[in-house]
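Residue-level structure breakdown
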Amino acid sequence: MSAYRPLATFQAWRVGTFRALKHPEYRRYWFSQLLSLIGSWMQATAQSYLVLELTNNNAASLGWVTAAQFTPSLLLSLFAGAVVDRTSRRRVLLTTQLILLGTALALAITTGLGIVTLPLVLTLAALSGVANAFDMPARQSMVVDFVPRGDVSNAVALNSLSFNVSRTLGQAVFGGVAALGTVLFAGSSGASQIEALAFPFYLNVASFALVIYVIATLPFPKRDRGGPRRPVISDINEGLRYVRGTPDIAVTMLLLTLLSLTVINFNVVIPYFARAVYKLREGGFGAMNAAFGAGAMVGALWQASRPDPARYLRPGAVILILSTALFAAVPSAWLAGLVLALCGFGMLTFLISANSTVQLTVPDALRGRVMSVYSLVLVGMGPPGALLVSYLISTSGPLGPREGLGVVALLGAVVTAALWRRLPRGVSLDNTARLRVEAVQAGTLEAGKRPMEAAEVQVGRGSGGN
């Protein structure tokens, strides 16, 4: 009998870790998204490599492309959340996917023809950023459409798992795909190394087909948007009032904002260290990115098996900060790859905890708007964070790569320590969500106020909820 215990333990872990996939609609979406994201990560890696090739390893240019890609989220996320809460999520997602397909196709064609330029990359990155500003809150809020509340935290972790499995696979195969592109493009026409980078972009274009089909055919449930349409600004204010009036969400969002400005900038750190510090080419460049993705994948799997992922907000932040400081100090590329895996694990542990805290606290009526705030602080802080970090780690900057990244880790440690005592230790699943929504709609919910108290004020004023 004891010989079967490891198998039984593994079976129990598998069922618990992947329990959200037992729901057919979510399962269809999850697998289609996994395939599409592999293409997206190939493109992201190829784009970073392309920018460095076009600019002779200029870290500032990489920072500007990142800023162009994420600035729309900073400007549009709150408006996008209100749109997601008042319109069809299917329509939003189909529109964003078609725009992203178009930008990928434009990048593929111009790169293959050898006419791609840095200004064009910046323009396409900005257009993609506009699409992602609407795509992220729609995607984040659709989880509850296809899984029951008991499986929401698991679905959040599995979404992160697909994101990081695709990161690992997409970045790991980039080197081989780029080499194959050299054979297909340069071998037949004498094309340059830059033109050979078109192949990953074309593969990403092809990967959009399945996810667009699945979104078009998924049975999205109808949502009751009863009541008269109000100005968008009123809807946005409701979401902001809820965030301000819910301490666990407010402090989680604040820490996410500050860490996104500092240590959560590996899209700048990894490419720059790979090329400028360790002098790696395509294979090593992809392997270093894949090491980070592998650690993130392990973190997502570990979180998916936890009953309360929100409990790991503090440990995730600590692991992320310490491993970033260690990465700044390691002398060789292979040791750096090992440390990057730890960075990925810490980052995903923190991000899934933050996402679960928000998703399991917010009521459905405000989900799109609150998740748009989450997208705002996570992605919208990308532009200033990328510019700050690229300046600090640049060889032409005041500190240099290693000392600059050490300062970034120190900044992350300071803000985490400042908020440590106020961070939630898990999700408190009380029964006050409806009262909180009514208080938000009546404008009576104040920061730190218990929702029952806010509801009593609302009743005292004779106001009715929508």
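In this report, the structure presented in the accompanying data block is examined.

1. Structural notes on the overall build of the protein
Helix and strand counts for the protein stand at 21 helices and 0 strands. In the protein, which comprises 466 residues, the share counted as buried stands at 55%. Once local pairs closer than 6 in sequence are excluded, the contacts in the protein between residues at least 24 apart make up 82%. Entry remark: accessible area of the protein is about 18900 Å², with carbon and sulfur atoms responsible for 64%.

2. Considerations on the nonpolar core
By size, the foremost hydrophobic cluster in this structure holds 116 residues, and its most contacted members are Tyr26, Met253, Leu259, Phe327 and Phe350. Among the elements that line this core, the one with the most residues is helix H16 (residues 333-359), at 11 residues. Not counting chain neighbours up to four residues away, the residues in contact with Met253 comprise Val243, Val358, Val370, Val373, Tyr374 and Val377.

3. Considering the side chain of Ser390
Along the chain, the position of Ser390 falls in helix H18 (residues 382-393). Under the relative-accessibility criterion, Ser390 is labelled buried at 4%. Side-chain polar atoms of Ser390 contact the backbone oxygen of Ala386, separated by 2.8 Å. Setting aside its immediate chain neighbours within four residues, Ser390 contacts Ala59, Gly63 and Val268.

4. With respect to the packing of H16 against helix H17 (residues 367-379)
Between H16 and H17, whose axes approach to 10 Å, the crossing angle comes to 155°. Taken as axis vectors, H16 and H17 run roughly antiparallel relative to one another. The interaxial crossing formed by H16 with H17 has right-handed handedness. Two secondary-structure elements touch here, H16 through Leu351, Ala354, Asn355, Val358 and Gln359 and H17 through Arg367, Val370, Met371, Tyr374 and Leu378. Along the lines of polarity and charge, the residues of the contact of H16 with H17 split into 7 nonpolar, 2 polar and 1 charged.

5. Some thoughts on the pattern of salt bridges
One pass over the structure, following the stated rule, counts 5 salt bridges. Taking the shortest distance from any N to any O, the salt bridge between Asp145 and Arg89 comes out at 2.8 Å. In this pair, Asp145 is assigned in helix H6 (residues 143-146) and Arg89 in helix H4 (residues 89-112), connecting sequence segments 56 residues apart. A relative accessible area of 17% means that Asp145 is categorised as buried. Residue Arg89 is classed as buried on the basis of its relative accessible area of 5%.

6. As for the packing of aromatic side chains
Tallied over the full model, the rule gives 8 aromatic pairs. Measuring from centroid to centroid gives 4.7 Å for Phe266 and Phe292, while their planes differ by 40°, and the two rings are tilted. Taken together, the residues Phe266 in helix H13 (residues 266-277) and Phe292 in helix H14 (residues 282-304) connect sequence positions 26 residues apart. Using a relative accessible area of 6% as the deciding quantity, one classes Phe266 as buried. Counting every residue linked through ring pairs, the aromatic cluster contains Phe273, Tyr278 and Phe327. The ring of Tyr49 is capped by Arg275, whose NZ or CZ atom sits 5.0 Å from the centre of that ring.

Basis of the calculations
Residues numbered from 1 in each chain as written. Predicted model: local features only at pLDDT ≥ 70, side-chain atom pairs only at ≥ 80, totals over all residues. Heavy atoms only, no water. Helix = DSSP H or I, 4+ residues; strand = E, 2+ residues; numbered from the N terminus. Buried < 20%, exposed > 50% of the residue type's maximum accessible area, 1.4 Å probe, protein only. Contact = heavy atoms within 4.5 Å. Areas by Shrake-Rupley, 256 points an atom, 1.4 Å probe, with all protein chains shown as cover. Core = buried A, V, L, I, M, F, W, Y, C linked by side-chain atoms within 4.5 Å. Polar contact = N/O pair within 3.5 Å; in protein donor to acceptor, adjacent residues only side chain to side chain. Axes fitted to C-alpha atoms, helices over the stretch in contact; angles between N-to-C directions. Parallel < 35°, antiparallel > 145°, perpendicular 65-115°, else oblique. Left-handed = near helix turned anticlockwise from the far one by under 90°. Nonpolar A, V, L, I, M, F, W, Y, C, P; charged D, E, K, R; others polar. Salt bridge = Lys/Arg side-chain N within 4 Å of Asp/Glu carboxyl O. Phe/Tyr/Trp six-rings, centres within 6.5 Å; stacked < 30°, edge-to-face > 60°. Lys NZ or Arg CZ within 6 Å of the ring centre and 35° of its normal.

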